[in-house]
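Examination of the molecular architecture
One letter stands for each residue in the lines below.
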Amino acid sequence: MKQTITVFKGDGIGPEITDAVLEILDAAKADLDYEIFNVGEAEYEAHGALIPDDAFTSFEKTRVLLKSPITTPVGKGFRSLNVMMRKKYDLYANIRPARSNAAIKTPFENVDIVIFRENTEDLYAGVEEMIDKDTAHSIKIITRACSERIIRDAFEYAVKQGRKTVTCVHKANIMKLSDGLFRDIFYEISKEYPQIEANDKIVDNTAMQMVMNPQQFDVIVTENLYGDIISDLSSGLIGGLGLLPSSNLGKDFAMFEAVHGSAPDIAGKGIANPTAFLWSACMMLDHLGKQEVAARIRRAVDAVLADGNCLTPDLGGHGTTAAYKDAIIAKLA
Ligand code: ATP
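Not measured: the values here are computed from a predicted model.

What to know about the site of the ligand
As a matter of local geometry, the ligand sits amid Ile13, Leu241, His260, Gly261, Ser262, Ala263, Asp265, Ile266, Ala272, Asn273 and Asp314. A distance of 3.2 Å separates a nitrogen atom of the ligand from a polar atom in the side chain of His260. In this structure, Asp265 approaches the ligand through a side-chain N or O atom, which is 2.8 Å from an oxygen atom. Relative to its unbound accessible area of 610 Å², the ligand is 59% covered by the protein chains. Here the shell around the ligand is composed, by residue class, of 5 nonpolar, 4 polar and 2 charged.

Let's talk about the layout of surface pockets
Estimates place the volume of the largest pocket at around 800 Å³. Ile95, Tyr157, Gln161, Met283 and Asp286 are the residues nearest the centre of the largest pocket, which is lined by 26 residues in total. The set of elements that each furnish at least two residues to the lining of the largest pocket consists of strand 4 (93-99), strand 5 (112-118), helix 5 (144-160), strand 11 (245-249), helix 9 (275-287) and helix 10 (291-307). Tallied by class, the residues present in the lining of the largest pocket amount to 13 nonpolar, 6 polar and 7 charged. If you add up the space inside the second largest pocket, you get close to 310 Å³. Forming the boundary of the second largest pocket are 21 residues, of which Asn82, Arg86, Arg96, Val259 and His260 lie nearest the centre. Of all the secondary structure elements, the ones that give two or more residues to the lining of the second largest pocket are helix 4 (81-88), helix 8 (224-238) and strand 12 (254-258). Ranked by residue count, the leading element in the lining of the second largest pocket is helix 4, at 3 residues. Its residues assigned to classes, the lining of the second largest pocket comprises 7 nonpolar, 7 polar and 7 charged.

Some points on the pattern of salt bridges
Under the counting rule described, the total for this entry stands at 26 salt bridges. For Glu192, the salt bridge goes to Arg152, with nearest N and O atoms at 2.7 Å. Taken as a pair, Glu192 in the loop between helix 6 (178-190) and strand 9 (197-202) and Arg152 in helix 5 lie far apart in primary sequence, 40 residues in all.

Rules and cut-offs
Residues numbered from 1 in each chain as written. Predicted model: local features only at pLDDT ≥ 70, side-chain atom pairs only at ≥ 80, totals over all residues. Heavy atoms only, no water. Near = heavy atom within 4 Å. Polar contact = N/O pair within 3.5 Å; in protein donor to acceptor, adjacent residues only side chain to side chain. Areas by Shrake-Rupley, 256 points an atom, 1.4 Å probe, with all protein chains shown as cover. Nonpolar A, V, L, I, M, F, W, Y, C, P; charged D, E, K, R; others polar. 1 Å grid on protein atoms, 1.4 Å probe; cavity = no way out; pocket = protein on both sides within 12 Å on 5 of 7 lines; lining within 4 Å. Points joined across faces, edges and corners; volume = space filled by probe spheres on them. Helix = DSSP H or I, 4+ residues; strand = E, 2+ residues; numbered from the N terminus. Salt bridge = Lys/Arg side-chain N within 4 Å of Asp/Glu carboxyl O.

Purely geometric stuff here, so don't read any function into it on its own.
Here you go:
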């Protein structure tokens, strides 16, 4: 029986890159059925709900969501729709692989870093209050349960993927209790994985080291906010946000999305780079047990990037989303 997945089209460049990616999935014979929903700001303006009930119901049934970027309108009750989705479905593990591609020239070569970002707590817990009109407090929450599961997932991944090192990124020299707890749990769990080297780095030093010597990093596990920042940094190492995919995994649900936002500055111009979203779809195919299809798509993308004829402007080319997509489909054929 064909597997059904849920697709959210989103805002900005979301619809354009979704159409391109679904066309490529079909061309690669991924053999999927889609339940497709418009979500986000445009959907809110049209029908009064940011995410229609049917879209939630679909995800709760299929348990697999391919989600393009969504703009969260200011003042519509949500801090961020992305954060809401991650919390509602307890998608606690945000996995972001940043790999150099031989065809994309940057000052950094042979980068291959996989970031495991805790997705449900830290300063993103949303516990904020005004103490008086000139004083705001935001509470950082770190718990043993949430730290243990993301750290264990990072080590399990390292073992399964034949990785050598897991680095814990923190700021425990200043936040001795919260980040100290995260780091202590990291070293406790590391004892269960003697075959993997475990080390830790303070987040500011990590930022500097990622630029000076990114090849030293293998798997990184970190808290929510640091993970957000260093993954954008890692995208800069490999050629930009257009190339950084991600998965958001929980016990029961899985959501796949590009790390970038809805890029309103280029929306509708037909020049969005769909690669990050396509590689997110490949992570979804791996998750669904369709590794062979994912590998074929990745090879086709590599070939098109190597040809260099229709690279989108963010990669230094003059190509369009459509030409790039067509070139990938041609390689698949
Ligand atoms: P968010 O707050 O939703 O993460 P953001 O403000 O960080 O969004 P993005 O939407 O991620 O911003 O865009 C940042 C910059 O990167 C913009 O100039 C945008 O045009 C560019 N960009 C992001 N994604 C892509 C893409 N897929 N193709 C081309 N350019 C992109």
